[in-house]
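Working through the structure, step by step
This is what each chain is made of:
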Amino acid sequence: MHPKVDSIIDKEQKWQKEFEKLREIILDCPLEEDLKWGCPCYSYQGGNVVLIHGFKDYCALLLFKGALLGDPEGILIQQTENVQSARQIRFTSLQQITSMARVLKSYIYEAIEVEKAGLKVEMKKTSDYPVPEEFQEKLDKMPALKKAFEALTPGRQRGYLFYFSSAKQSKTRASRVEKYIPQILEGKGLDD
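This section reports on the structure supplied with the text. Model, not experiment: these values are computed from the prediction. (Residues numbered from 1 in each chain as written. Predicted model: local features only at pLDDT ≥ 70, side-chain atom pairs only at ≥ 80, totals over all residues. Heavy atoms only, no water.)

1. Here we look at the overall build of the protein
Scanning the protein from terminus to terminus reveals eight helices and five strands. Against the globule reference of 16 Å for 192 residues, the protein gives a C-alpha radius of gyration of 20 Å, more extended than a compact globule. With respect to the principal axes defined by its C-alpha atoms, the protein has extents near 60 × 35 × 30 Å. Long-range contacts, defined as pairs at least 24 residues apart, comprise 57% of the intrachain contacts of the protein with a sequence gap of at least 6. Summing over all exposed atoms, the protein offers an accessible surface of approximately 11,100 Å²; the carbon and sulfur share of this is 50%. Separation of charge centres in the protein, based on 29 positive and 28 negative side chains, amounts to 4 Å. (Helix = DSSP H or I, 4+ residues; strand = E, 2+ residues; numbered from the N terminus. Rg over C-alpha atoms; globule rule 2.2 N^0.38 Å. Contact = heavy atoms within 4.5 Å. Areas by Shrake-Rupley, 256 points an atom, 1.4 Å probe, with all protein chains shown as cover. Lys, Arg positive; Asp, Glu negative; His and termini not counted. Charge placed at Lys NZ, Arg CZ, Asp CG, Glu CD.)

Written as structure tokens, this is what we have:
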């Protein structure tokens, strides 16, 4: 048990009992406990396996490579359509966690086996994301913008493409592109 995790769980107001039960279940598996991203995180030989986190309406176990797991109970949730690897198991009560303890351990042990085997989720490439017409026009007209965009990391490129594409109206997409041109030219990502 990691003392920093004790501190986080002690401060947790809404889901404290649920966090304690999830921690108990996880620590019964051969995982190392640490605090990462402000959350209790559990790893196997340096590879992240599972994380506990709380939200307004639920708390959850996040299985980092959940997309590779079988889901015989149908409990794995993809947070958003853009999350490629991780899957959540969500809870709204201590009773729910307690009644699912055996199932949760089976999912965690399978996640450990995935980590032991060195399996990786096949991630989408930047080229798999559509380039919105409004952005493509700017790239074609501004060689410096195209060069700066291509110099960004693939993750930053995907962030921009997703953000630009998520607007439903062309006017909004064009406005977003205009707003972020200076940031792209500076070599910065969407949230930098």
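Still to come is the rest of the account.
2. Notes on the nonpolar core
Proteins that are soluble and globular tend to have nonpolar side chains buried together. Counting 32 residues, the largest nonpolar core has Leu31, Leu61, Ile89, Phe91 and Leu104 as the members making the most contacts within it. Residue assignment for this core shows that the elements contributing at least two residues are helix H1 (3–11), helix H2 (16–27), strand E2 (39–44), strand E3 (47–54), strand E4 (59–63), strand E5 (87–91) and helix H4 (101–116). Considering each element in turn, this core owes the most residues, eight residues, to H4. In this structure, Tyr129, Phe135, Leu139 and Tyr160 belong to the second largest nonpolar core, which totals 14 residues. (Core = buried A, V, L, I, M, F, W, Y, C linked by side-chain atoms within 4.5 Å. Buried < 20%, exposed > 50% of the residue type's maximum accessible area, 1.4 Å probe, protein only.)

3. Here's the deal with the environment of Gly47
One can find Gly47 in strand E3. The class for Gly47 is buried, based on a relative accessible area of 12%. Taking the C-alpha atoms as reference points, Gly47 and Phe64, 17 residues apart in sequence, are found 9.4 Å from one another. If sequence neighbours within four positions are ignored, Gly47 has contacts with Tyr42 and Glu115.

4. With respect to the packing of helix H5 (residues 133–141) against helix H8 (residues 170–185)
Where H5 meets H8, the axes come as close as 8 Å, and the angle between the chain directions of the two elements is 40 degrees. By the criterion of interaxial angle, the relationship of H5 to H8 is oblique. The interaxial crossing formed by H5 with H8 has right-handed handedness. Contacts between H5 and H8 involve Glu134, Phe135 and Lys138 from the first element and Ser170, Arg173, Ala174, Val177, Glu178, Ile181 and Ile184 from the second. (Axes fitted to C-alpha atoms, helices over the stretch in contact; angles between N-to-C directions. Parallel < 35°, antiparallel > 145°, perpendicular 65-115°, else oblique. Left-handed = near helix turned anticlockwise from the far one by under 90°.)

5. Overview of the pairing of E3
Taking burial as the measure, the eight residues of E3 include six buried ones, the bulk of the element. Relative to E3, E2 runs antiparallel, the two being bridged by four bridges. Bridging across to E3, Cys41 finds its partner in Leu51. Remark: two residues form the turn of the hairpin made by E2 and E3, two consecutive strands paired antiparallel; Gln45 in that turn has positive phi of roughly 45 degrees. As defined by bridge partners, E3 adjoins E4 across five bridges and the pair is classed as antiparallel. Bridged to Gly54 within E4 is Cys59. Remark: four residues form the turn of the hairpin made by E3 and E4, two consecutive strands paired antiparallel. (Pairing = 2+ DSSP bridges.)

6. Structural notes on the state of the cysteines
This model, assessed by the stated rule, comprises zero disulfides. Here Cys39 is not disulfide-linked; the sulfur of Cys41 is the nearest cysteine sulfur, at 8.4 Å. (Disulfide = S-S within 2.5 Å.)

7. Looking at the pairing of E5
Burial of E5 is extensive: four of the five residues sit out of reach of the surface. Here E4 runs beside E5; their pairing, made up of five bridges, is antiparallel. For Cys59, the partnering residue across the bridge sits in E5 and is Phe91.

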